[in-house]
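Below are the chains, spelled out letter by letter.
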Amino acid sequence: MRARAIAISTALAAVFALLLAPLAAAAGPAVKVSEPQAGTGGSITVTGTGWRPHTLLMILICGRATPARGVTGGTNSCANADGRAVTTGANGGFDRRLPVSEPPVPCPCVVHVATVTGAKAEADAVFQVAGHPVRPLPAEPTGGRLAVLTDTRLDGSSGLLTWFGAPPSRTLVFTIGNAGSSTLKDPVFHVGTAHGVFAPQWDEQQWRGTLAPGRKARVELPVELSAGAHGDYTVSLRYDGRVLAEQPWGVGRPWGVTLFWILLCVVVPAAVFRIGMAVVDRLRPPRAGGLRHRGVSRPALRLPRLRAPEPAPDTTSTLPWFTPDNDPGMAAARLSAPHDDSSTSPTTPTRKGTT
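Undergrad: What is the right way to look at the pairing of strand 1 (residues 30–33) in this model?
TA: Every other side chain in a regular strand lies on the same face of the sheet, so the side chains alternate between the two faces. Burial of the side chains of strand 1 is restricted to one face: Val-31 and Val-33 are buried, whereas none of Ala-30 and Lys-32 on the reverse face is. As paired strands, strand 1 and strand 3 (residues 43–49) are joined by four bridges and run antiparallel to one another. Across the sheet, the residue bridging to Val-33 is Val-46, located in strand 3.

Undergrad: What am I meant to see in a nonpolar patch on the surface here?
TA: The grouping of Leu-160, Trp-163, Phe-164, Trp-255, Leu-259, Ile-262, Leu-263, Val-266 and Val-267 at the surface amounts to a nonpolar patch, some 940 Å² of accessible area in total. With six residues, the top contributor of residues to the nonpolar patch is helix 3 (residues 255–283). As for its position among the elements, Ile-262 is in helix 3.

Undergrad: Help me understand the sheet that holds strand 19 (residues 231–239) in this model?
TA: Strand order in the open sheet formed by four strands is 16-15-19-20, and the pairing between neighbours is antiparallel. Edge positions in the sheet fall to strand 16 (201–206) and strand 20 (242–251), since each of these pairs with one other strand and no more. On average, adjacent strands in this sheet sit at an angle of 25° to one another, irrespective of strand direction. As defined by bridge partners, strand 15 (residues 188–195) adjoins strand 16 across six bridges and the pair is classed as antiparallel. Residue pairing for strand 16: Thr-193 is matched across the bridge by Gln-201.

Undergrad: Could you clarify how one ought to interpret the confidence of the model for the chain in this entry?
TA: Parts of the prediction with low pLDDT should not have their coordinates interpreted in detail. Averaged over all residues, the pLDDT of the chain equals 78, while 71% of them reach at least 70. Ignoring residues within four places in sequence, the model shows residues 15–26, a span with pLDDT below 50, making one contact including any to other chains. Note on residues 342–348: pLDDT is under 50 here. Beyond four places in sequence and across chains, it has zero contacts.

Undergrad: Would you mind showing me how to read the state of the cysteines here?
TA: Here, disulfide denotes a covalent bond that connects the sulfur atoms of two cysteines. Under the criterion given, the structure shown has two disulfides. Here Cys-107 engages in a disulfide with Cys-109; their sulfurs sit 1.8 Å apart. Its torsion about the S-S bond being -90°, the disulfide of Cys-107 and Cys-109 is classed as left-handed. In the chain, numbering the disulfide-bonded cysteines from first to last in sequence yields the connectivity 1-2, 3-4.

Undergrad: Can you help me understand the side chain of Ser-77 in this one?
TA: Residue placement: Ser-77 occurs in the loop between strand 6 (70–71) and strand 7 (84–87). If sequence neighbours within four positions are ignored, Ser-77 has contacts with Ile-61, Cys-62, Gly-63, Val-71, Pro-103, Pro-104 and Val-105.

Undergrad: I'm lost on the side chain of Thr-66 in this one. Help?
TA: With respect to the helices, strands and loops of the structure, Thr-66 is situated in strand 5 (residues 65–66). Side-chain polar atoms of Thr-66 contact the backbone nitrogen of Arg-69, separated by 3.2 Å. Not counting residues up to four positions away in its chain, the partners in contact with Thr-66 are Pro-108, Val-110, Asp-124 and Leu-137.

Undergrad: Explain the pairing of strand 20 to me, please; I cannot follow it from the model alone.
TA: For strand 19 and strand 20, the ladder comprises nine bridges, and the chain directions are antiparallel. Looking across to strand 20, one finds that Ser-236 is bridged to Glu-246. Where strand 19 hands over to strand 20, the hairpin turn is made up of two residues, of which Asp-240 adopts a positive phi near 55°.

Undergrad: I would appreciate a short explanation of the pattern of salt bridges in the present structure.
TA: It is possible for side chains of opposite charge to pair when their charged atoms get near one another. For the structure shown, the criterion picks out three salt bridges. Notably, a salt bridge pairs Asp-155 with Arg-153, separated by 3.1 Å at the nearest N-O pair. For Asp-155, a relative accessible area of 27% puts it in the partly exposed group. With a shortest N-O distance of 2.4 Å, Glu-220 and Arg-218 are connected by a salt bridge.

Undergrad: Explain the packing of aromatic side chains here, please?
TA: Between two aromatic rings, the relevant description is the distance of the centres plus the angle of the planes. In this structure the tally under the stated criterion is five aromatic pairs. Ring geometry for Trp-163 versus Phe-164: centroids 5.1 Å apart, planes at 85°, classification edge-to-face. Take Phe-164: its relative accessible area is 45%, and that puts it in the partly exposed class. Where Phe-189 meets Tyr-239, the ring centres are 5.5 Å apart and the plane angle is 45°; that geometry is what we call tilted. Taken together, the residues span a long stretch of sequence, with Phe-189 in strand 15 and Tyr-239 in strand 19 at a distance of 50 residues.

Undergrad: Would you mind showing me how to read the environment of Gly-92 here?
TA: Summarising the element assignment, Gly-92 is placed in the loop between strand 7 and strand 8 (94–99). If sequence neighbours within four positions are ignored, Gly-92 has contacts with Gly-48, Thr-49, Gly-50, Trp-51, Arg-52 and Pro-53.

Undergrad: Sorry, what's going on with the sheet that holds strand 7 here?
TA: The strands making up a sheet are joined through hydrogen bonds of the backbone, oriented either antiparallel or parallel. Spatially, five strands are ordered 2-10-9-4-7 in an open sheet, and the strand pairing comes out mixed. Either end of the sheet is taken by a strand with one partner, and the two such strands are strand 2 (37–39) and strand 7. Looking at each pair of strands side by side, their axes are set apart by 35° on average, direction ignored. Pairing geometry for strand 9 (residues 109–115) and strand 10 (residues 122–130), over six bridges, is antiparallel. Residue pairing for strand 10: Ala-114 is matched across the bridge by Glu-122.

Quick notes on the rules
Residues numbered from 1 in each chain as written. Predicted model: local features only at pLDDT ≥ 70, side-chain atom pairs only at ≥ 80, totals over all residues. Heavy atoms only, no water. Buried < 20%, exposed > 50% of the residue type's maximum accessible area, 1.4 Å probe, protein only. Helix = DSSP H or I, 4+ residues; strand = E, 2+ residues; numbered from the N terminus. Pairing = 2+ DSSP bridges. Patch = residues over 30% accessible without salt bridge, like charges linked within 9 Å, V, L, I, M, F, W, Y side chains within 5 Å. Areas by Shrake-Rupley, 256 points an atom, 1.4 Å probe, with all protein chains shown as cover. Salt bridge = Lys/Arg side-chain N within 4 Å of Asp/Glu carboxyl O. Axes fitted to C-alpha atoms, helices over the stretch in contact; angles between N-to-C directions. pLDDT = per-residue confidence, 0-100. Contact = heavy atoms within 4.5 Å. Disulfide = S-S within 2.5 Å. Polar contact = N/O pair within 3.5 Å; in protein donor to acceptor, adjacent residues only side chain to side chain. Phe/Tyr/Trp six-rings, centres within 6.5 Å; stacked < 30°, edge-to-face > 60°.

Okay, structure coming up:
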């Protein structure tokens, strides 16, 4: 009977775990540590749940931070040299050993886990580095705590002028919420644009509005790159020293500029050649008669026709009352050159008949 009760309770626990697993994943990413405190030189196991499947994460020990306020100094408050990377599994969970090292700023400390690529997500777990100094957190300058509630996106599109090298521009859209206890008024954001592996260039932008505790608002901030920019860019949003979100931006190449330079390399040499030929034509001395070779029609060179020789006149008479023997033409031909009109060859002997 006792074994049956244990089996039933185990089955019910498994059913409840399966039912609560989707709810835990829907609540967002979470992280916990195997030990709440450890000294430098040791290691702890960091476990995460509720993350996106097959996502690359970075695990760091950060000082001057709490799960409620986050890492106030950004990654500059973390022990970056001893951080570890991990990729989540198909269920969105992970387990990773992390060496314990002292952060560059005093505690309170946390184990900070954040995504490296894709949509921004992060989670913190309380952790104490044994022997590391502890100091209270600095007061919040605005009295409130601002958080990004939705994924950021870039609205807008490139026009025809951008295809010819005009500065690409977009609008960074996101939703913020006030998780603090006091009202936020006209918060100042920093929008940074980074190309490739280079550090972002920050631009200060102020949002005009008032955000009461527990309220949220939609924020739109303009983003613009330099003229002729192209390639892979990353747009970052920072507030109060913390990077709240990052958004990739792929900018196409301005092919209109390339086409312009190709046409320029073809048209300019042709124009220079035509101008040079015109100058040479003006400076060349005129020919005899005061005429230049350009613009004056030359007389056509006519070659004499080659006529076939006319046949010699036929001196042979065709009159019917003349025979070849008494033709005057034949008589004249005989007088001009003697020749033998014998009808037989001289070498052929003549056979005489009997008389």
